[in-house]
Amino acid sequence: MQHLSWTGTLGAYLNPLFLTALICFLALAVAAIARGFSPRADGPNLINPTPPSVSLMGPSLIIGLVLWLLSLSGVSLLAPLALGNMSLSLIVCLILGAAAGYALYQISAEMIFKLVWLAFYVTLLLFGLYLVIGLFVKPATMGIVGAISQRLIPTWIALAVTFVLSILFKRKLGLYGKLFDSPIGMIGLGLVLFWIFTAIFGAGFDWIATHDPLAQVSGMKNKHPGIPLQGATEADYPYYLLGGDTLARDVFSRAIFGSGIVIVIAPAATIFAFMVGITLGLPAGYFGGRLDTVLSFLSNLVLAFPVILLFFLLVTPEIVQTGLPNYLAVILFVFPVIFIAVAQYSKNRLKPGFLTLQFPILLIICIWLYLSLVSETGKPVDVLPPMLDLFDVPAEILLVFVSVVFVNSPTAFRIVRGLTLDVKTRDYVAAAQTRGEGPWYIMLWEILPNVRGPLIVDFCLRIGYATILLGTLGFFGLGLESESPDWGTTINAGRKLLSVYLAPPLVPAFSLMSLVLGLNLLADGLREESLRD
Amino acid sequence: MGMFILRRTGVMLLTALCLTFIVFILTTLYPNLEKLAKNQGNFRMSDAEVASYLGNRGYTQGKLQNYGEWLGVLPGYVIKGLDGKTRSRCSNHGVVEPDAPKFCGVLQGNWGFSSVFKESVSDVVKTRLALTGKLMFWVMIVMIPGALIIGVFAGMREGSRLDRSLSTAAIVTTATPEYVSGVIFIAIFTSSAVGLKWFKGSATSAMDNATLENFLLPVLTIALYGMGYIARMTRASMTEVMTAQYIRTARLKGVSFANIVLKHALRNALIAPFTVIMLQIPWLLNGVVIVETLFNFKGFGWVLVQAASNNDIDLLLAVAVVGVIVVLLTQLISDIGYVFLNPRIRIS
């Protein structure tokens, strides 16, 4: 069978178009950025006009230097000159840059930006074309890009449905709906949802991955992307879309399954960290005094620890033997239970029937879940009989989870404490106090809902940070077992042969980067939209 | 001010004591000691042999006692072992030397002996710290001006296209952890698969002789990740200053825009980034460990990895002390610096 190329047979027609659009976009973007440095960009300054010579300098220099760098790297037509005589080529490039800068100065900034967007949309459209055509044709026609797009059909459908529904009903959806007014927020949400859906359909239902992420197929070791599978039967997918790694496993499937691990652990760990932070930060900020001093000292203690050192000390097989992660889990996981119980009690305690019926049931369910999570058969903390134990978390996952929660909690604590200090002097808090509400009611039902904006924004950023921490753990081979498909571990495994085989480490690297980027953009969009009202 | 510094120093010492104690406990948990014994002795020791090995070397006296000995406030142990030899802490856990001092802990300047490097811990830390210092110096040189320039340009006209593009670029760099950007850099600029081969993928040769070719990529990898955050903070502080009344006054007086930015706004806008830069330094330590592992630059971060993966107790403790001191010192400097730079606080 044929080796699959990146864009297949159709690529021969589409690639030149796409490349032209991309180059146009990049060149225009450089021009636009250069023009942005020229003070005339915001309209003439009537009182003290900037002389044209100054306005020209920025754009000309930037364009000149970019040209020079391009010719040094052998891309542009000036390459032969650059390699022959560096200083001469620099002068030529600067002169060319000055000419281009002058030309730019004559065009209005608006015009350039319109052109940039036009080029951008054309590029995007052409890229979309690869993906869309790929959905309907055989892998050989549209190549690796098309084939991957085809594998991702469940994700595309889910994304499309979510976006269409959200945009249709965005006025009724509160802060989430407002996100669709900001392009940055929409891109961020798109990236995050892409990975969430890929994790659900790929790692959860196994609809996307082409092979078993752990299966090693002989003859597929260290292969470049698009290699046909050796000894494939009818049932097998005929290619390793993104090549094979050093242990002859499918890089594409590993990246898909890796997303499942990250998408579950990172948000869950962040939620737990926030529960700890909220449950401790609210009273620390609200009551102040000695409680605040002690808790702040403890949180500073953890924060003063270099994170990596903490990981190296905490996430080792020896520590698992001592049962320390289980004890930590006992402490850290109790906070959500306290949070839910206190919140419900402080709000509903005067309702008839609540204390005798609903509250005990809620409490029992929470404690049962807590004990199932904490207790493990044959481990130091083994309180529930196996029959009642709902789920067992594998020891190494628990360890990774607990350490990420542990590292993130103090920061969450600091944020909640700071926000509480800020908000507790507001009038509505005073009003609640005059009404005779208890302190916990005020903290959980007056203060907390009012600081949710900054908390949600920070929550998104923290998930990104937790993702990075998970990757760091994997990168140092800590915690998860060495053949686990999570991104950090895969990057670490692939980096040894990086100079020859690029795909094994780069695929998880770009996956991780896009997820964290999505979360950061989402946080940025949320911040912008929540500040607007 | 003096009282403030004194109190901060007190809290700092207390924090350092607590943290080293935690590290001490974690490194001397029994499974870790067992690993140490098997590493030092031989791998096929029975449980009883391990216990006697550790007992002979004073590891089973109780954590507080051991910690006190390490710190140098309690006299080092002298134990007549089960094998008949008398060992003492102050003779390198070996057979007692007649002129060995009574106390030999950190306070006496004895940081112990590294079991991985077979060298005294203070020597290891000194040489490696110097190498990492070189790396950090260049990181600072690249990162701080870069971040400040990006932040100032983005913040001087809030909401402009320049602001939007620079802010997005800053977000991209903060979303790219060192192990991702490092791998991407190595793939693009050093691999034979891409074929550019502008730089070297290993910085080992930079330890003696740092050149652009072997040192740029590690420096850039660390600098990029920190740069985005500082740039965003600078931008935030710059936009705040640019909306201040006195800037409007200057504008109405007819001061040119460049002068407003450079002479009026910049100085006030740089107060906040100063603290951010200071607080960013401990975070750079993470980057240092990753980059030194990735580029095989044998500095302090590399030592941390070696010490931790071999459970080299003395070395790990020293590394922890250095790390903690860096964190606390930068916090102190940022607090003091903030007070000095901000006239509103300084005068009151």
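Predicted, not measured: the structure shown is a model, and the values here were computed from it. (Residues numbered from 1 in each chain as written. Chains lettered and ligands numbered in written order. Predicted model: local features only at pLDDT ≥ 70, side-chain atom pairs only at ≥ 80, totals over all residues.)

Draft legend 1. Seen up close, the overall build of chain B. Check the secondary structure of chain B and you find 14 helices and four strands. A compact globule built from 348 residues should have a C-alpha radius of gyration of about 20 Å, whereas chain B, at 26 Å, is more than 25% larger. Taking the principal axes of the C-alpha coordinates as reference, chain B spans close to 90 × 60 × 30 Å. Looking at chain B residue by residue over its 348 residues, the buried ones come to 42%. For chain B, restricting intrachain contacts to residue pairs at least 6 apart in sequence, the fraction spanning at least 24 positions comes to 67%. (Helix = DSSP H or I, 4+ residues; strand = E, 2+ residues; numbered from the N terminus. Rg over C-alpha atoms; globule rule 2.2 N^0.38 Å. Buried ≥ 20, exposed ≤ 12 C-beta atoms within 10 Å, placed from the backbone. Contact = placed C-beta atoms within 7 Å.)

Draft legend 2. The arrangement of the overall build of chain A in detail. Counting secondary structure elements, chain A contains 22 helices and two strands. If you line up chain A on its principal axes, its C-alpha atoms span 85 × 75 × 45 Å. Every one of the 533 residues in chain A was classed for burial, and the buried ones make up 43%. Restricting to contacts in chain A with at least 6 residues of sequence separation, those with at least 24 account for 70%.

Draft legend 3. Spatial organisation of the nonpolar core. Core analysis: the biggest nonpolar cluster contains 207 residues, and Leu 304 and Val 319 of chain B have the highest contact counts within it. Looking at this core, the element that brings in the most residues is helix α10 (residues 251-287) of chain A, giving 21 residues. Look past the residues within four positions of Val 319 of chain B in its chain and what remains in contact with it is Leu 309 of chain A together with Val 303, Leu 304 and Ala 307 of chain B. Core analysis: the next-biggest nonpolar cluster, separate from the first, contains 18 residues, Leu 28, Ile 63, Trp 68 and Cys 93 of chain A among them. (Core = buried A, V, L, I, M, F, W, Y, C linked by C-beta atoms within 7 Å.)

Draft legend 4. Here's a closer look at the environment of Ile 62 of chain A. Residues and elements named next belong to chain A. Tracing the backbone through its elements, the reader meets Ile 62 in helix α2 (residues 52-72). The class of Ile 62 is buried, set by 21 C-beta atoms lying within 10 Å. Residues Ile 62 and Gly 226, 164 residues apart in the sequence, show an inter-C-alpha distance of 39 Å.

Draft legend 5. Examining the environment of Gly 133 of chain B more closely. Residues and elements named next belong to chain B. Its place among the elements puts Gly 133 in helix α5 (residues 121-156). On the basis of neighbour counts, which here come to 12 C-beta atoms within 10 Å, the residue Gly 133 falls in the exposed class. For Gly 133 and Phe 300, which are 167 residues apart along the polypeptide, the C-alpha to C-alpha distance reads 8.8 Å.

Draft legend 6. Representation of the interface of chain A and chain B within the structure. Taken together, the contact pairs 44 residues of chain A with 49 residues of chain B. Elements represented by at least two residues in the side of chain A that touches chain B include exactly α1 (11-36), α11 (289-304), α12 (307-314), α13 (317-322), α20 (452-475) and α22 (503-532) of chain A. Looking at the side of chain A that touches chain B, its residues break down into 28 nonpolar, 12 polar and four charged. (Nonpolar A, V, L, I, M, F, W, Y, C, P; charged D, E, K, R; others polar.)

Draft legend 7. Looking closely at helix α1 (residues 2-27) of chain B. An ideal rise of 1.5 Å per residue puts 38 Å on 26 residues; α1 of chain B measures up with 37 Å between its terminal C-alpha atoms. Taken together, the buried positions of α1 of chain B are occupied by Thr 15, Leu 19, Val 23, Leu 26 and Thr 27 of chain B. Against α11 and α12 of chain A together with α2 (30-40) and α13 (313-341) of chain B lie the buried residues of α1 of chain B. (Expected span 1.5 Å × (residues − 1).)

Draft legend 8. Looking closely at the packing of helix α15 (residues 334-348) of chain A against helix α16 (residues 354-374) of chain A. All names here are of chain A. Interhelical geometry of α15 versus α16 gives an angle of 170° and a closest axis separation of 10 Å. Regarding the angle of α15 to α16, the classification is roughly antiparallel. Between α15, through Val 334, Val 337, Ile 340, Ala 341, Gln 344, Tyr 345 and Asn 348, and α16, the contact on the second element is made entirely by Phe 354, Phe 359, Leu 362, Leu 363, Cys 366, Ile 367 and Tyr 370. For the contact of α15 with α16, the class distribution of residues is 12 nonpolar, two polar and no charged. (Axes fitted to C-alpha atoms, helices over the stretch in contact; angles between N-to-C directions. Parallel < 35°, antiparallel > 145°, perpendicular 65-115°, else oblique.)

Draft legend 9. Unusual backbone geometry, seen in detail. A positive phi angle, near 60°, is found at Ala 248 of chain A, a position not held by glycine. By the secondary structure assignment, Ala 248 of chain A is in the loop between β2 (239-240) and α10. The backbone of Asn 296 of chain B sits at a positive phi, close to 55°, despite the residue not being glycine. Turning to its location among the elements, Asn 296 of chain B is positioned in the loop between α11 (271-294) and α12 (300-309).

Draft legend 10. The confidence of the model for chain A, seen in detail. Summary statistics for chain A give a mean pLDDT of 86 and a share of 93% for residues scoring 70 or more. Confidence drops under pLDDT 50 across residues 41-46 of chain A; counting only partners more than four residues distant or on other chains, this segment forms eight contacts. (pLDDT = per-residue confidence, 0-100.)

Draft legend 11. Representation of α12 of chain B in the model. Of all 10 residues that make up α12 of chain B, eight are buried, and the element is covered over most of its length. Among all positions of α12 of chain B, only Phe 300, Gly 301, Trp 302, Val 303, Leu 304, Gln 306, Ala 307 and Ala 308 of chain B are buried. If you follow the buried residues of α12 of chain B, they end up packed against α12 of chain A together with α5, α11 and α13 of chain B. Asn 311 of chain B sits one or two positions beyond α12 of chain B and adopts a positive phi of about 50°.

Draft legend 12. Here's a closer look at the packing of α5 of chain B against helix α10 (residues 257-269) of chain B. Residues and elements named next belong to chain B. One can describe the packing of α5 onto α10 by two numbers: an axis separation of 12 Å at closest approach and a directional angle of 115°. The angle between the axes of α5 and α10 places the two elements in the roughly perpendicular class. With respect to the hand of their crossing, α5 and α10 are arranged in right-handed fashion. In this structure, α5 uses Val 152, Gly 155 and Met 156 to contact α10, whose residues at the interface are Val 261, Leu 266 and Ala 269. Grouping the constituent residues of the contact of α5 with α10 by class yields five nonpolar, one polar and no charged. (Left-handed = near helix turned anticlockwise from the far one by under 90°.)

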